[in-house]
Amino acid sequence: MATSPAPGEGPVRPVSVSLHEGTIAALRERTGKRGMSAYVEALIQRQLERDRLRELIEDAEAQHGPVDQAAVEAKRAVLRGSTAGSADAA
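Quick caveat, the model's predicted, so the values are computed rather than measured. (Residues numbered from 1 in each chain as written. Predicted model: local features only at pLDDT ≥ 70, side-chain atom pairs only at ≥ 80, totals over all residues. Heavy atoms only, no water.)

What follows is about the overall build of the protein chain. Of the regular secondary structure elements, the protein chain holds 4 helices and 0 strands. Listing each helix as α and each strand as β along the protein chain from the N terminus yields α-α-α-α. Against the 2.2 N^0.38 benchmark of 12 Å for 90 residues, the protein chain shows a C-alpha radius of gyration of 21 Å, more extended than a compact globule. Seen through its principal axes, the protein chain has C-alpha atoms that stretch 55 × 40 × 25 Å. With the model as given, the accessible surface of the protein chain reaches about 8,300 Å², and the carbon-plus-sulfur share is 55%. Charge-centre separation for the protein chain: the mean point of 12 positive side chains lies 9 Å from the mean point of 13 negative side chains. (Helix = DSSP H or I, 4+ residues; strand = E, 2+ residues; numbered from the N terminus. Rg over C-alpha atoms; globule rule 2.2 N^0.38 Å. Areas by Shrake-Rupley, 256 points an atom, 1.4 Å probe, with all protein chains shown as cover. Lys, Arg positive; Asp, Glu negative; His and termini not counted. Charge placed at Lys NZ, Arg CZ, Asp CG, Glu CD.)

So, in structure tokens, the structure goes:
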């Protein structure tokens, strides 16, 4: 059984999408005519990753309950190097 290529893999094929004129103008201004496809491809891949991440979070929360927001904020502070305890320890 053949499997479908992962996002970003496989041959490139043209597809037709409908966009508002203002969106097209902004896209062309940002990318130029030749960079539009790569830009749209990257946007779609990013959204697919976000969708998959949201599904993983929902599955984990269904299995283990919702995350503790205080714990999330504490981890964010550690990653940013801005823990309140580290400043007070000096």
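Now that the structure is up, let's keep going.
By the definition in use, this model includes 1 salt bridge. The partner of Arg76 in a salt bridge is Glu73, with the nearest N and O atoms 2.8 Å apart. You can see Arg76 and its partner Glu73 sitting in helix α3 (residues 69-80), 3 residues apart, about one turn around the helix. What makes Arg76 partly exposed here is its relative accessible area of 39%. (Salt bridge = Lys/Arg side-chain N within 4 Å of Asp/Glu carboxyl O. Buried < 20%, exposed > 50% of the residue type's maximum accessible area, 1.4 Å probe, protein only.)

Together, Val15, Val17 and Leu19 give the surface a local cluster of nonpolar side chains, amounting to about 300 Å² of exposed area. On the secondary structure map, Val17 appears in the segment before α1 (21-31). On the accessibility criterion, Val17 (58% relative accessible area) is exposed. (Patch = residues over 30% accessible without salt bridge, like charges linked within 9 Å, V, L, I, M, F, W, Y side chains within 5 Å.)

All right, on to the layout of surface pockets then. A water-sized probe, rolled over the atoms, reveals where empty space remains. Its boundaries defined by the atoms lining it, the largest pocket holds a volume of some 840 Å³. Contributing to the lining of the largest pocket are 23 residues, with Val12, Arg13, Val15, Ser37 and Glu41 lying nearest its centre. Among the elements that make up the lining of the largest pocket, the one with the highest residue count is helix α2 (residues 36-64) (8 residues). Broken down by class, the residue content of the lining of the largest pocket amounts to 15 nonpolar, 5 polar and 3 charged. (1 Å grid on protein atoms, 1.4 Å probe; cavity = no way out; pocket = protein on both sides within 12 Å on 5 of 7 lines; lining within 4 Å. Points joined across faces, edges and corners; volume = space filled by probe spheres on them. Nonpolar A, V, L, I, M, F, W, Y, C, P; charged D, E, K, R; others polar.)

Averaged over all residues, the pLDDT of the protein chain equals 89, while 91% of them reach at least 70. When the criterion is pLDDT under 50, residues 86-90 qualifies, and its contacts beyond four places in sequence or with other chains add up to 0 contacts. (pLDDT = per-residue confidence, 0-100. Contact = heavy atoms within 4.5 Å.)

On to the environment of Gln63. Of note, Gln63 is situated in helix α2. Between the alpha carbons of Gln63 and Arg28 there is a distance of 45 Å; along the sequence they are 35 residues apart.

Between its first and last C-alpha atoms α2 spans 42 Å; for 29 residues at 1.5 Å apiece the expected length is 42 Å, and the two agree. Looking one or two residues beyond α2, the residue adopting positive phi is Gly65, at roughly 90 degrees. (Expected span 1.5 Å × (residues − 1).)

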